[in-house]
Every structure is written in C-alpha cells, then in structure tokens.
Amino acid sequence: MIVLQPTQRTKLDASDDTQFYDMPRFVTHVDDGFIQQLTDLYRERLQPNTRILDLMSSWVSHLPDEVSFAHVEGHGLNQEELARNPRLNHSFVQDLNRDPKLPLADQSFDAVLNTVSVQYLQYPEAIFHEIHRVLKPGGIAIVSFSNRMFYQKAIQIWRDGTEASRVELVQSYFRAVPGFSEPEVIARPAQIPAWLQMMGLAGGDPFYAVIASRQ
C-alpha cells in the first residue's frame with residue numbers, strides 16, 4: 001500500500017543525508033522528561049535477554065540500565081556516534097532513504113526501536129515492511145517522537161503536519177504492512193500552548209509513541 005505521494009516525501013535540503021550526518025552530534029535531541037518516559041516505556045515493554053534492533057540510532061539508546069539484553073544491534077548514519085553507544089553489541093551504517101533493505105535475517109529480533117527519527121524516512125512503507133520482516137512473531141516495534149526535528153531534513157508531510165496528524169501518519173505506516181497488529185498510541189502533548197513554547201517558556205517536550213507487534 002502506498003501511503004505517501006511523491007511531493008510529500010520531499011525535503012527542503014535534498015543533499016545527500018550522509019553528508020548532513022557526517023559530523024557526530026553528541027547531544028540529546030529531546031529533553032530529560034521525554035527520555036525518562038521513553039526509558040520507562042522500554043522497561044515496561046521490552047523483555048530481558050531478548051534481541052533488540054535500535055534503528056536510526058546514535059550515541060545513546062535510552063534503554064534501562066538495569067535490564068540486560070541478549071543482543072542490541074544499532075543502525076545509524078554516523079559511525080562515531082554508534083561507536084560511542086555503550087548498549088550496542090554491533091552496529092552498521094546505512095542510508096535508508098537510498099537503500100531500505102536491512103542486512104539482517106528474517107525474524108531475527110524481538111523488538112525494533114525507532115526514536116525521534118521517523119520524520120526523516122522518505123520511503124517509510126518500505127522501512128516498515130523491513131521492520132516487520134526482521135521481527136519475530138509476537139515481536140514489538142516502538143516508534144517514538146516529539147515535536148523537534150531537523151526541519152530541513154524532515155519530509156514535507158511531517159513538516160506541514162500537526163502533532164495529531166503525525167501520530168495518524170505513523171499509524172498509517174504500520175497499517176500499510178499486512179501482519180502488524182492495530183497500532184497502539186501513547187500521546188502526552190505539551191502542557192503549554194505552542195506559541196508560549198516559541199517565546200521560550202518551558203513546558204516539557206511532548207511525548208508520542210506508536211506501538212505494534214508482528215502477528
């Protein structure tokens with residue numbers, strides 16, 4: 001199923017993504033409140049001693065420190081960031097907008113995680129098919145995001161959307177792949193209006209997660 005039209009996939013900066021991400025960024029792209037909510041969600045939904053794929057990762061995975069996993073595979077666009085991540089057992093670099101096919105075996109992971117990065121996927125239908133392919137039956141996919149982004153690298157439909165429409169969009173990505181469960185949504189919008197946030201008043205990053213499992 002095709003979810004996006006060609007114009008909706010476009011980016012303001014159409015240059016090679018590998019050039020944009022060539023320099024490592026050892027910063028977090030969401031606030032501490034978001035990170036705590038994400039780690040709590042992982043603590044609740046991920047099982048110890050399982051195999052985890054952290055897709056579009058960086059130097060931190062936000063996994064709970066006290067939980068041990070059998071294997072954590074990291075993917076990203078900057079090898080220095082991935083090498084700094086202490087939770088990864090192995091990692092690889094790949095531009096998913098150029099090559100969506102993951103070099104991973106069918107049904108080889110218990111969970112696939114994607115954190116504050118889904119807005120950069122130009123061909124999400126293909127990537128979500130790949131997520132389904134590498135998940136074991138019963139395996140879970142957790143896609144989390146806030147309202148922050150590299151604006152020039154986010155796709156047009158995401159840039160122009162609202163927080164609510166972005167949640168619906170990620171749900172549509174899961175629904176486009178036969179064999180995913182009906183996606184579950186966790187939505188915790190910001191507590192103050194966006195215009196006050198733009199004036200610099202802190203209210204905490206909104207937290208959104210869309211979750212589905214391979215049936």
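Just so it is clear, the model here is predicted, and its values are computed rather than measured.

Caption draft 1: Molecular detail of the sheet that holds strand S2 (residues 71–76). If you walk across this open sheet you meet the 7 strands as S3-S2-S1-S4-S5-S7-S6, and the pairing is mixed. Looking along the sheet, the strands with just one partner apiece sit at the ends: strand S3 (90–93) and strand S6 (184–188). Adjacent strand axes in the sheet meet at a mean angle of 15° when their direction is disregarded. Summarising the sheet, strand S4 (residues 109–115) and strand S5 (residues 135–145) pair through 6 bridges and their orientation is parallel. Its bridge partner being in S5, Asn114 is matched across the sheet by Val143.

Caption draft 2: Structural detail: helix H2 (residues 32–45). With 14 residues, H2 extends 20 Å between its outermost C-alpha atoms, agreeing within 8% with the 20 Å of an ideal straight helix rising 1.5 Å per residue. Tucked into the core, H2 has its buried residues touching S4, S5, S6 and strand S7 (207–213).

Caption draft 3: Molecular detail of the packing of aromatic side chains. Scanning all chains against the criterion turns up 7 aromatic pairs. Ring centres of Phe34 and Phe207 lie 4.8 Å apart, and the angle between their planes is 55°; on these two criteria the pair is classed as tilted. Taken together, the residues span a long stretch of sequence, with Phe34 in helix H2 and Phe207 in strand S7 at a distance of 173 residues. Looking at Phe34, the relative accessible area reads 0%, which means it is buried. Site record: aromatic cluster; members linked through ring pairs are Phe128, Tyr173, Phe174 and Phe180. Across from the ring centre of Phe109, 4.8 Å away, lies the NZ or CZ of Arg51, which sits over that ring. Its guanidinium or amino end placed over the ring of Tyr151, Arg159 lies 5.9 Å from that ring's centre, counting from NZ or CZ.

Caption draft 4: Structural context of the layout of surface pockets. Empty space within the largest pocket amounts to approximately 620 Å³. Lining the largest pocket are 35 residues, with Tyr21, Met56, Val116, Ser117 and Tyr120 sitting closest to its centre. Secondary-structure elements contributing two or more residues to the lining of the largest pocket are strand S1 (51–55) and S2. Along the lines of polarity and charge, the residues of the lining of the largest pocket split into 13 nonpolar, 15 polar and 7 charged. Considering only enclosed or pocket space, the second largest pocket measures out at about 180 Å³ in volume. Lining the second largest pocket are 14 residues; nearest its centre among them are Thr39, Val60, His62, Leu63 and Asp65.

Caption draft 5: Seen up close, the environment of Ile211. Tracing the backbone through its elements, the reader meets Ile211 in strand S7. In this structure, the C-alpha to C-alpha distance between Ile211 and Ser144, residues 67 residues apart in sequence, is 8.6 Å. When sequence neighbours within four positions are dropped, the list of residues in contact with Ile211 reads Leu41, Arg45, Ile140, Ala141, Ile142, Glu182, Pro183, Glu184 and Ile186.

Caption draft 6: Looking closely at the pattern of salt bridges. Summed over the entire model, instances satisfying the criterion amount to 14 salt bridges. Here Lys153 ties to Asp13 by a salt bridge, and the two come within 3.9 Å at their closest N and O atoms. Here Lys153, found in the loop between S5 and helix H5 (156–159), pairs with Asp13, found in the segment before helix H1 (17–20); they are 140 residues apart in sequence, far enough to count as distant. Residue class for Lys153 comes out buried when judged on its relative accessible area of 0%. Among the ionic pairs, Arg43 bridges to Glu66, the shortest N-O distance being 2.6 Å. Placement of Arg43 in helix H2 and of Glu66 in the loop between S1 and S2 is noted, with a sequence separation of 23 residues between them. For Arg43, a relative accessible area of 36% corresponds to the partly exposed category. For Glu66, a relative accessible area of 53% corresponds to the exposed category. It is possible to trace a salt-bridge network through shared partners that takes in Lys101, Asp106, Glu130 and Arg133.

Parameters and conventions
Residues numbered from 1 in each chain as written. Predicted model: local features only at pLDDT ≥ 70, side-chain atom pairs only at ≥ 80, totals over all residues. Heavy atoms only, no water. Pairing = 2+ DSSP bridges. Helix = DSSP H or I, 4+ residues; strand = E, 2+ residues; numbered from the N terminus. Axes fitted to C-alpha atoms, helices over the stretch in contact; angles between N-to-C directions. Expected span 1.5 Å × (residues − 1). Contact = heavy atoms within 4.5 Å. Phe/Tyr/Trp six-rings, centres within 6.5 Å; stacked < 30°, edge-to-face > 60°. Buried < 20%, exposed > 50% of the residue type's maximum accessible area, 1.4 Å probe, protein only. Lys NZ or Arg CZ within 6 Å of the ring centre and 35° of its normal. 1 Å grid on protein atoms, 1.4 Å probe; cavity = no way out; pocket = protein on both sides within 12 Å on 5 of 7 lines; lining within 4 Å. Points joined across faces, edges and corners; volume = space filled by probe spheres on them. Nonpolar A, V, L, I, M, F, W, Y, C, P; charged D, E, K, R; others polar. Salt bridge = Lys/Arg side-chain N within 4 Å of Asp/Glu carboxyl O.

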